[in-house]
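Next come the chains, spelled out residue by residue.
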Amino acid sequence: MSLAIQKFNRKSRPNRGQLYGYPREGEFDPQPPGDIYIKRLEQFRAKMDTAGTEAAIILKPENRAYLSGFDGSAGMLLITRNSALLLVDFRYIEQAKHQAPYFQVIQYSQPLSETLRTVFLDLNLETVSFEQDYVTWEQYEIWANKLGDLVEFIPLPDLTQKLRMLKGPEEIELVRQAASIADQAFLEILPLLRAGISERDLAVELEYAMRRRGAQGMAFETIVASGPRASYPHGTATERTLQTGDLVIIDFGAVYQGYCSDCTRTVCIGLPTPKQQEVYNLVQKAQDVALKAISPGITAAEVDAIARQVISEQGYGENFGHSLGHGVGRLVHEEPTLGGKDQTILKAGMVVTVEPGVYLPGWGGVRIEELVLVTDVGCEILTHCRKGLTITSERGGP
Ligand code: ZN
Ligand code: ZN
């Protein structure tokens, strides 16, 4: 097996068609055009240069897929200035060759360290970095014991994550699709939002509707938190039955071709009390103000502060205990964090959520979440499903 430096050969790669032309009809395993992976590799290598590493191991599934196109559940990328290797076991060989044409695919059998020894020797490596927030202590010990005589392993912060913050048009399209699937599914289950249905049944119906519309999975476990449970910001669905007068927080997201969506709606079963309406309006106002503020140049922390001030001024600051939002892409929670400490400057092409909430123990809570794309002039909302606290009788309700 020769591991000589591989030069990218664009001519020999399959033509993946136009940027927005995939998946093409009949294509069972769609991939964005290969040039995207060339660009990502170039950008990643620039990050490697800045970090001063000659070789990088990538194990996080989201980074592996982002850089190579391979979305199998196990495998390792090894990227150097001049080579790009994808090491997989027997189960993924065919898939890896198909999905990652810009990587040299190498099959390993256990233990992986023996294959790595050959590879490190062949590439003449002295140092190899790894994702310090992902590799376990146990894994590191194995590498250090078995290969420490050959190379030095260097922990580094996740270099790929910074690249993933800025989405390309092909990624934005997939997030848009994921959001649209979730929107349609929510509209479909609106008539079920009545007293008598359990949180769990509601979640199941919503998830089924998303799957039927093409979601490959859920972006996270669907949250349905009703009545007093609505004060749990992340209350996953239970057997509790919805009752008239309940506030119900529903937080849901689809995954479409590897990309997530994220959306929250809060509804009242029946007519809301003045206080329920007041808290809802306040949360809505905080969100509106934040959405208006989002544009390139503002920091993530500043957007959070703007929304937080609206809620604090009405005395509910203590009841908004989480960040305003987060980046969304291959992971439902990624950088940047619209929160107090994140000084990331927002740029066109970032996708973030704006999700203020107020939670009052014993009473319930309200959260409204939109997924937005930062544009050159402001932001575009990607979540379009019904907003508003009251469910009217013809579309659902008690
Ligand atoms: Zn959410
Ligand atoms: Zn969210």
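Residues numbered from 1 in each chain as written. Chains lettered and ligands numbered in written order. Predicted model: local features only at pLDDT ≥ 70, side-chain atom pairs only at ≥ 80, totals over all residues.

**Concerning the overall build of the protein**
Move 1: Helix and strand counts for the protein stand at 10 helices and 19 strands.
Move 2: Within the protein, buried positions represent 38% of all 398 residues.
Move 3: Within the protein, contacts between residues at least 6 apart in sequence are counted, and of these 67% link residues at least 24 apart. (Helix = DSSP H or I, 4+ residues; strand = E, 2+ residues; numbered from the N terminus. Buried ≥ 20, exposed ≤ 12 C-beta atoms within 10 Å, placed from the backbone. Contact = placed C-beta atoms within 7 Å.)

**A closer look at the confidence of the model for the protein**
Move 1: Residue-level pLDDT values for the protein average 90, and 89% of them are 70 or greater.
Move 2: Under a pLDDT of 50 for its full length, residues 1–26 has, in the predicted model, 29 contacts with residues more than four places off or in other chains. (pLDDT = per-residue confidence, 0-100.)

**Side note on the sheet that holds strand E9 (residues 247–252)**
Within a sheet, each strand pairs with its neighbour through backbone hydrogen bonds, oriented either parallel or antiparallel.
Move 1: Read from one edge to the other, the open sheet built from three strands follows the order E8-E9-E12, with strand pairing classed as antiparallel. Only two strands of the sheet have a single partner each, and these edge strands are strand E8 (223–226) and strand E12 (263–268). Pairwise comparison of adjacent strand axes, ignoring direction, gives a mean angle of 10° for this sheet.
Move 2: By the bridge criterion, six bridges tie E9 to E12 in an arrangement that is antiparallel. Residue pairing across strands places Ile 249 opposite Thr 266, the latter belonging to E12. (Pairing = 2+ DSSP bridges. Axes fitted to C-alpha atoms, helices over the stretch in contact; angles between N-to-C directions.)

**Observations concerning the sheet that holds strand E10 (residues 254–256)**
Move 1: Taken in spatial order, the three strands make up an open sheet running E7-E10-E11, and their pairing is antiparallel. If you trace the sheet from one side to the other, it starts and ends with strand E7 (217–218) and strand E11 (259–260), each paired once.
Move 2: Strand contacts of helix H7 (residues 169–189): E10 and E11, with the helix running at about 140° to E10, the strand carrying the most contacts.

**A closer look at helix H9 (residues 274–293)**
Move 1: Relative to the 28 Å expected for 20 residues at 1.5 Å per residue, H9 spans 29 Å between its end C-alpha atoms, a close match to the ideal helical length.
Move 2: Looking at H9, one finds that the buried residues are Gln 276, Val 279, Tyr 280, Leu 282, Val 283, Ala 286, Gln 287 and Ala 290. End-on, the buried residues of H9 take up no more than an arc of 155°, which puts them together on one face. Turned more than 90 degrees off the buried face of H9, the exposed positions are Pro 274 and Lys 292. (Expected span 1.5 Å × (residues − 1). Arc of directions from axis to C-beta.)

**Section: the environment of Met 218**
Move 1: Within the element layout of this structure, Met 218 appears in strand E7.
Move 2: A sequence separation of 34 residues divides Met 218 from Phe 252, and the C-alpha atoms of the two residues are 7.7 Å apart.
Move 3: Beyond its immediate sequence surroundings of up to four residues, Met 218 is in contact with Glu 207, Met 210, Gly 253, Ala 254 and Val 255.

**Things to note about unusual backbone geometry**
Move 1: With an omega of -5°, the peptide bond running from Glu 335 to Pro 336 counts as cis.
Move 2: With respect to the secondary-structure elements, Pro 336 resides in strand E14 (residues 334–338).
Move 3: Phi at Asn 124 is positive, roughly 60°, even though this residue is not glycine.
Move 4: Looking at the element boundaries, Asn 124 is found in the loop between helix H4 (112–123) and strand E5 (127–131).
Move 5: Of note in the backbone geometry, Gln 257 takes a positive phi value of approximately 45° without being a glycine.

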